[in-house]
Amino acid sequence: MSVATILAFSAALPLAAHADGGNAHPAGENGPVLSQVRAHYLVGCGGCHGITGVSASDVVPDLKGQTGYFLCSPKGREYMIHLPNVAFSPLSSADLADLMNYVAFGLGGDSVPAGARPYTAAEVARLRQAPFRNYSLQSYRLDVVRDVIHACPQAATVIHAYDLALDKREIDNK
């Protein structure tokens, strides 16, 4: 996706609050200028999870209104950084912490539990050293989702929908 395409899509969207405290910088000669964290999201995550955090949720989990629930438990918090596209991101740990704070707190919205703390660069650097490997992502996610739902029961109706759709596809062999 080109930068021009990203700018065109993002110019039409209401921008959510995120880790760097601003959504876009004042418009330049060529249109709005995205904040760095928003641009990182659109390039690294938006293609699958949707430019507003809403995806084809039976295939890829939605982020909007859901990601904050993963901060309800240590397993959920670690899971968000252990995912391969996160852990192996070319971003620095500081930039990745900003991006994941945007995902968790900005896109997560009301799903963020009271008292949740933002990711730090040091925490992200530590968690990236033990990324998800060599076992079923579906099994890992299911274990994490159970833990998150145990800690935040209100998450059950939202974050488990993707897992149920995934189970159905596997049962139907599609």
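Nothing here was measured: the structure is a model prediction, and the numbers come from that model. Sequence order sets the numbering: in each chain, residues are counted from 1 along the sequence as written. Selection of residues for local features in this predicted model requires a pLDDT of at least 70, selection of side-chain atom pairs for listing and counting requires 80 or more, and totals for whole chains, interfaces and linings are taken over all residues. The basis for the side-chain values is all heavy atoms of the structure; hydrogens and waters are excluded.

1. Concerning the overall build of the protein chain
Then, in step 1: In this description a helix means any DSSP run of H or I spanning at least four residues, a strand means any run of E spanning at least two, and both kinds are numbered starting from the N terminus. Within the protein chain, the secondary structure is distributed over 9 helices and 2 strands.
Then, in step 2: Taken from N to C terminus, the helices and strands of the protein chain fall in the order α-β-β-α-α-α-α-α-α-α-α.
Then, in step 3: Relative accessibility under 20% of the residue-type maximum defines a buried residue, over 50% an exposed one, and the middle range a partly exposed one, all with a 1.4 Å probe and only protein chains included. Expressed as a percentage of its 174 residues, the buried residues of the protein chain come to 41%.
Then, in step 4: Should any heavy atoms of two residues lie within 4.5 Å, those residues are counted as being in contact. Put simply, of all contacts in the protein chain between residues at least 6 apart along the chain, 62% involve residues at least 24 apart.
Then, in step 5: Note that accessible areas follow from Shrake-Rupley with a 1.4 Å probe, and for residues the cover is restricted to the protein chains shown. About 9,200 Å² of surface is accessible on the protein chain, with carbon and sulfur atoms providing 58% of the total.

2. Points about the state of the cysteines
Then, in step 1: Throughout, disulfides are identified as pairs of cysteine sulfur atoms within 2.5 Å of each other. Tallied over the entire structure, the rule returns 1 disulfide.
Then, in step 2: You can see C45 has no disulfide; the closest cysteine sulfur is in C48, sitting 9.0 Å from it.
Then, in step 3: Take C45: its relative accessible area is 16%, and that puts it in the buried class.

3. Quick notes on the confidence of the model for the protein chain
Then, in step 1: Note: pLDDT gives the predictor's confidence per residue, expressed from 0 to 100. Summarising the model, the protein chain shows a mean pLDDT of 80, and 73% of its residues fall at 70 or more.
Then, in step 2: For residues 1–25, every residue scores under 50 in pLDDT, and the model assigns this stretch 46 contacts once sequence neighbours within four places are set aside.

4. Quick word on the side chain of S111
Then, in step 1: On the secondary structure map, S111 appears in the loop between α6 (93–107) and α7 (121–128).
Then, in step 2: Contacts described as polar in this section are N or O atom pairs within 3.5 Å, which, within protein, must combine one atom able to donate a hydrogen with one able to accept it, while residues neighboring in sequence count only if both atoms come from side chains. Engagement of the side chain of S111 in a polar contact is seen with the backbone nitrogen of G68, the distance being 2.9 Å.
Then, in step 3: Filtering out sequence-adjacent residues up to four positions away, S111 remains in contact with G65, Q66, T67, G68 and Y69.

5. Focus on α7
Then, in step 1: Every buried residue belonging to α7 is among E123, V124, L127 and R128, and all of these are buried. Down the axis, α7 shows its buried residues gathered within 130° of arc, on one side only.
Then, in step 2: The secondary structure elements touched by the buried residues of α7 are α4 (74–82), α5 (84–87) and α6. Picture the helix axis, draw a direction to every C-beta atom, and the arc is the one those directions span.

6. Digging into the nonpolar core
Then, in step 1: Residue types Ala, Val, Leu, Ile, Met, Phe, Trp, Tyr and Cys, when buried and joined through side-chain atoms within 4.5 Å, form a set referred to as a nonpolar core. Residues Y41, F70, M80, L99 and Y119 are the most contacted members of the largest nonpolar core, which totals 35 residues.
Then, in step 2: If you list the elements that add at least two residues to this core, you get α2 (36–44), α4, α6, α7 and α8 (137–151).
Then, in step 3: At 8 residues, α6 tops the list of elements feeding residues into this core.
Then, in step 4: Setting aside residues up to four positions removed in sequence, Y119 forms contacts with L71, R77, M80, I81, A97, M100, N101 and V124.

7. Some details on the packing of α6 against α7
Then, in step 1: Note on definitions: angles span 0 to 180 degrees between N-to-C directions of axes, and those axes are lines fitted to C-alpha atoms, for helices only across the stretch in contact. Two elements in contact, α6 and α7, have axes separated by 8 Å at closest approach and are oriented at 100°. Classified by the angle their axes make, α6 and α7 are roughly perpendicular. Between α6, through S93, A94, L96 and A97, and α7, the contact on the second element is made entirely by A121, V124, A125 and R128.
Then, in step 2: Each residue receives one of three labels: charged for Asp, Glu, Lys and Arg, nonpolar for Ala, Val, Leu, Ile, Met, Phe, Trp, Tyr, Cys and Pro, and polar for the others, Gly being one of them. Across the contact of α6 with α7, the residue classes tally to 6 nonpolar, 1 polar and 1 charged. Comment on the angle field: the value is read as roughly parallel under 35 degrees, roughly antiparallel over 145, roughly perpendicular from 65 to 115, and oblique elsewhere.

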